[in-house]
Amino acid sequence: MKFFALLPLAAAALMMTSSAHADNAAAVSDQIKGMYPQLSTFYQDLHAHPEIAFQEVRTAAKLAAEMRAIGFEVTEKVGKTGVVAVYKNGAGPTVLVRTELDGLPMEEKSGVAYASKAHALLDGKDTMVAHSCGHDIHMTSWVGTARTLVALKAQWKGTLLFIAQPAEEIGGGARAMLDDGLFRRFPKPDYAFALHSWPAPYGTIGYNSGIVSSNADAIEITFKGRGGHGSAPDKALDPIAIAARFVVDVQTLISREKDPREFGVVTIGAINGGTVGNIIPDTVRVRGTIRSFSPEVRAKLIEGVSRVANASAAMAAAPAPDIAITLLGRAVDNDDALVQRTAPVLKQALGDKNVYLMPAMTASEDYSEFVNEGVPSMYFFTGVYEAKAVEEAARPGGKPLAFNHSPYYAPVPEPTIKTAIEAMSVAVMNVMAR
Ligand SMILES: [Zn+2]
Ligand SMILES: [Zn+2]
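Thresholds, definitions, all that
Residues numbered from 1 in each chain as written. Chains lettered and ligands numbered in written order. Predicted model: local features only at pLDDT ≥ 70, side-chain atom pairs only at ≥ 80, totals over all residues. Helix = DSSP H or I, 4+ residues; strand = E, 2+ residues; numbered from the N terminus. Rg over C-alpha atoms; globule rule 2.2 N^0.38 Å. Contact = placed C-beta atoms within 7 Å. Domains from an automatic or database assignment. Nonpolar A, V, L, I, M, F, W, Y, C, P; charged D, E, K, R; others polar. Core = buried A, V, L, I, M, F, W, Y, C linked by C-beta atoms within 7 Å. Buried ≥ 20, exposed ≤ 12 C-beta atoms within 10 Å, placed from the backbone. Pairing = 2+ DSSP bridges. Axes fitted to C-alpha atoms, helices over the stretch in contact; angles between N-to-C directions. Expected span 1.5 Å × (residues − 1). Arc of directions from axis to C-beta.

On to the overall build of the protein. Helix and strand counts for the protein come out as twelve helices and 18 strands. Relative to the compact-globule value of 22 Å for 434 residues, the protein shows a C-alpha radius of gyration of 25 Å, a close match. Each principal axis of the C-alpha atoms in the protein carries an extent, and together these give about 95 × 55 × 50 Å. Within the protein, contacts between residues at least 6 apart in sequence are counted, and of these 81% link residues at least 24 apart.

Have a look at this one:
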C-alpha cells in the first residue's frame, strides 16, 4: 500500500520539477525575443570597436553602464580593466557568470558590414584589432542573461555575480581579478558558469564533465652561439644550426616519449635570429607552446623541452641556452555533479538533439583560475554557424569553416546570441530555483 501511495507522489513531484523547467524555458525565450533588437545594436558596436588585452577601457565602460541600467551594483577596474556586477535577490546561492572583454591583435577579413577597423598599440607597435574569438558574442549574451534573470527574479533567489574578465587571450586576466580581491571583496560563488562560441551549428550546446580545455605553457628559449662570417663557420659558433636541430628533435617528445593515447602538443611558432645570408648571428630566439590535458603529460613535456634544448646546444659545444617555460593557464575541469544537474535543463530548453557531448578542446582558457579556487563550475560551448555550412565543412573536400582566431571568423549573431542567453539563463535559474 505504501508503495502505491508513494509512487503517484513521486511521479507528481517529478512532473512538477520538469514542468517548472519547461515554464522557465518558455519565460526565458519570451524575454529574449523582446530584447534582441537592442542587443543586436550592442553586439555590432562591440564587434566594430574591439580592444586588446588589458586595454579594454571602452568595452568595460559599456558593459558597466548596461549592468547599472539593469539594476546591478557595479564595480569597475577590478584586475586592471575587469568589471564586477552584483545583484542580490534574497537568501540563496551565489552564482558567477563570466564573460571575457578582449579582442585579438589581428586584421578582420570577415566582410561583415560591422567589421572592425580598430587599431591599437601592442608593445609600442601599431596593430589592427578584431573580435575573432567571439568574445563580443559572450559579452552580449552576458548582458542579455543578466536582463533575463532580473526580469524573472520572482522565479529564483540568491546572488548573481556577473564578471567581465580582461586579457583572456594572453592569460593573466582571471588571475589579475583574483589578486585584486574578487572573492574577498565580493561574495565567493557557490557555482560558476561560462560559455564559449564554437564553429558548430547555431542553436546547439556542446558540453562535458571533467577536463574541457588544455594546460598551456609558453616556451621561450635563447640559443647562444658566436657571430661571424658566413664563409668561415669554423671561426664562429652557429646558433641557427642549433635552433634548427632543436625544432626538429623536440617533436620526438610527442612521437617517441609521450603515451600515444594521451593528448600533448609542442608547437614552435616563432624563430628569430640573424639579419642577412652571410652573417652568422650571436643568438637565436625560439618561442612556442606546450599543450596537455593531464599533469603527468605536462610535466614530461616541460622536462623534455628543456632536455632537448640543452642537448642541442651541448651537441654543438655551445653554452647552455636560456630557457623559460611559463604556465599560461591550466585545464578547465568541469564539476561532474553540476554538469549532471545542468544538462537536463539545457536539453529541455533547446531540445535533446541540440545538446551534445563534446570532446575536450585543445585550446586553453584562464577561466580555470576561478574554478581552481574551489568553485564547482560548468564551461560549455555554443555553436555559431548555419548547420548546412558545418555539414559541408565536414565532407571530404568541403569548404572549411573559419575557426576561432581566423580573420574570417563570423558567427551568425542572432541565433547564436539567443541560444547562448537561453542556455545560460536556464542553467543559472536551475541552481537558484525557489
Ligand atoms: Zn581566443
Ligand atoms: Zn576566446
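Right, picking up where we left off after that structure.
Attention now moves to the domain arrangement of the protein. Along its sequence, the protein is organised into domain 1 (12-213 + 331-431) and domain 2 (215-329). Between domain 1 and domain 2, the C-alpha centre-to-centre distance is 37 Å. Each partner contributes residues to the interface: domain 1 has nine residues there, and domain 2 has eight residues. Each residue belonging to the side of domain 1 that touches domain 2 can be placed in one class, and the counts come to three nonpolar, four polar and two charged.

Ranked by internal contacts, the top residues of the largest apolar core, which has 102 residues, are Phe-162, Val-305 and Val-428. In terms of residues, this core owes the most to one element, helix H12 (residues 413-431), which gives ten residues. When we break this core down by domain, the ones giving at least three residues each are domain 1 (12-213 + 331-431) and domain 2 (215-329). Those residues within four positions of Val-305 in sequence are excluded, and the remaining contacts are Ile-219, Val-250, Leu-253, Val-266, Ile-290 and Ile-325.

Right, let's talk about unusual backbone geometry for a bit. Residues other than glycine predominantly adopt negative phi, and peptide bonds predominantly adopt the trans conformation. The phi torsion at Lys-80 lies on the positive side, around 65°, for a residue other than glycine. For Lys-80, the location among the structural elements is in the loop between strand S1 (73-78) and strand S2 (82-89). Judged by the 18 C-beta atoms lying within 10 Å of it, Lys-80 falls in the partly exposed class. The residue Ala-167 is not glycine, and still its phi comes out positive at about 45°. Relative to the helices and strands, Ala-167 resides in the loop between strand S6 (158-165) and helix H4 (173-179). For Ala-167, a count of 25 C-beta atoms within 10 Å puts it in the buried group.

On to the sheet that holds S6, then. Strand order in this open sheet of eight strands is S1-S2-S6-S3-S7-S18-S8-S17, and the pairing throughout is mixed. Of all the strands in the sheet, the pair left with one neighbour each is S1 and strand S17 (355-357). Pairwise comparison of adjacent strand axes, ignoring direction, gives a mean angle of 25° for this sheet. Across five bridges, the pairing between S1 and S2 is antiparallel. Bridged to Glu-73 within S2 is Val-86.

Of all seven residues in strand S3 (residues 94-100), six are buried, a share of seventy percent or more. Sheet analysis places S3 next to S6, joined by seven bridges and oriented parallel. For Glu-100, the partnering residue across the bridge sits in S6 and is Gln-165. Sheet analysis places S3 next to strand S7 (residues 191-201), joined by four bridges and oriented parallel. Within S7, the position partnered with Val-95 by the bridge is Tyr-191.

Residues spaced three or four apart along an α-helix point in a common direction, a consequence of the helix completing one turn every 3.6 residues. Counted at 1.5 Å a residue, the expected span for helix H2 (residues 57-70) with its 14 residues is 20 Å, and the 20 Å between its end C-alpha atoms agrees. What H2 keeps buried is the set Thr-59, Ala-60, Lys-62, Leu-63, Glu-66 and Met-67. Down the axis, H2 shows its buried residues gathered within 160° of arc, on one side only. In H2, the exposed positions that point more than 90 degrees away from the buried face belong to Ala-65, Arg-68 and Ala-69. Directly beyond the C-terminal end of H2, a positive phi value near 115° is found at Gly-71.

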